[in-house]
Amino acid sequence: MAADDEHFREFVDTRYMDLLRVAYHLTGSAQDAEDLVQAALVKVMRRWRRVEDPMAYLRRVMINQHISSWRRYRVHELVTAILPERSIRDMTDAVAERHALYAAMRALSPRTRAVIVLRYVVDLPEAEVAATLSCSVGSVKSRASRGLARLRLALAADAPPADAPPSTSTSAAAQPAPDGTTRMTGATP
């Protein structure tokens, strides 16, 4: 019994961050991810001696737990932010893009989100995703395809048009003149 407890502690110490990463991609929230991992670990701890592949089993427990909680609480809080003008690419752009991705992920159904997370975040092969979710490989392929299409649509709707000029923070702007030349307007001489 003590050996099983020690093995469980060792497993949690080494794989906790991997579990948290999967849970974060499933829930989209750091707090919800921690709660999901803790609930899954409590459930698995009772059956630890009988578990053959702990990571696969824990991923499956987390997905089931997340789907169950999603069904129970269909009202979700949606946090939005107004993005600043894009003048130069910096870390805030990456954070905003990640926020848009997680918002788009939250819009997917839990099973589709589970397929996307297991297939593209955890990088499991389709057969292993199908085994984890107890479905066919064809179902994994179709859910992944439809999920990626929905993500692309959602992210394309948030992106600025490709032909939009970059915004500038100075008051001077280049304006074409009637004679074909370009002159600066709004600049002080």
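Quick caveat, the model's predicted, so the values are computed rather than measured. (Residues numbered from 1 in each chain as written. Predicted model: local features only at pLDDT ≥ 70, side-chain atom pairs only at ≥ 80, totals over all residues. Heavy atoms only, no water.)

Visitor: Help me understand the overall build of the protein chain, please; the structure alone is not making it clear to me.
Guide: Along its length, the protein chain carries seven helices and two strands. Reading the secondary structure of the protein chain in the N-to-C direction produces α-α-α-α-α-α-α-β-β. Of all 189 residues assigned to the protein chain, the portion counted as buried reaches 31%. Look at the contacts in the protein chain between residues 6 or more apart in sequence, and 53% of them connect residues 24 or more apart. Accessible surface, the protein chain as shown: approximately 12,600 Å² in total, 55% of it carbon and sulfur. (Helix = DSSP H or I, 4+ residues; strand = E, 2+ residues; numbered from the N terminus. Buried < 20%, exposed > 50% of the residue type's maximum accessible area, 1.4 Å probe, protein only. Contact = heavy atoms within 4.5 Å. Areas by Shrake-Rupley, 256 points an atom, 1.4 Å probe, with all protein chains shown as cover.)

Visitor: Honestly, the nonpolar core in this entry has me stumped. Any pointers?
Guide: Taken as a class, soluble globular proteins show a tendency for nonpolar side chains to be buried jointly. The biggest cluster of nonpolar side chains holds 38 residues, and the ones touching the most others in it are L19, L26 and M62. Counting only elements with at least two residues in this core, the list comes to helix 1 (2-27), helix 2 (30-46), helix 3 (54-72), helix 4 (91-107), helix 5 (110-121), helix 6 (126-133) and helix 7 (137-158). Looking at this core, the element that brings in the most residues is helix 1, giving eight residues. (Core = buried A, V, L, I, M, F, W, Y, C linked by side-chain atoms within 4.5 Å.)

Visitor: Explanation requested: a positive patch on the surface in the structure shown.
Guide: On the surface, a cluster of positive charge is made up of K43, R46, R47 and R50. With respect to the helices and strands, the residue R50 is situated in the loop between helix 2 and helix 3. The class of R50 is exposed, set by a relative accessible area of 66%. (Patch = residues over 30% accessible without salt bridge, like charges linked within 9 Å, V, L, I, M, F, W, Y side chains within 5 Å. Salt bridge = Lys/Arg side-chain N within 4 Å of Asp/Glu carboxyl O. Lys, Arg positive; Asp, Glu negative; His and termini not counted. Charge placed at Lys NZ, Arg CZ, Asp CG, Glu CD.)

Visitor: How should the side chain of H25 be read in this particular structure?
Guide: Along the polypeptide, H25 turns up in helix 1. Excluding residues within four positions of it along the chain, H25 makes contact with Y102, M105, R113, V117 and V121.

Visitor: Any chance you could explain the packing of helix 1 against helix 5 here in plain terms?
Guide: The description of two helices packed together rests on the angle between their axes and the distance between the axes. Remark: helix 1 packs on helix 5, axes separated minimally by 9 Å, with the N-to-C direction vectors making an angle of 140°. Overall, the two elements helix 1 and helix 5 adopt an arrangement that is oblique. Along this stretch, helix 1 crosses helix 5, giving a crossing that reads as right-handed. Contacts between helix 1 and helix 5 involve R21, V22, H25, L26 and T27 from the first element and R113, A114, V117 and V121 from the second. Across the contact of helix 1 with helix 5, the residue classes break down as five nonpolar, two polar and two charged. (Axes fitted to C-alpha atoms, helices over the stretch in contact; angles between N-to-C directions. Parallel < 35°, antiparallel > 145°, perpendicular 65-115°, else oblique. Left-handed = near helix turned anticlockwise from the far one by under 90°. Nonpolar A, V, L, I, M, F, W, Y, C, P; charged D, E, K, R; others polar.)

Distances and angles like these do not, on their own, reveal function.
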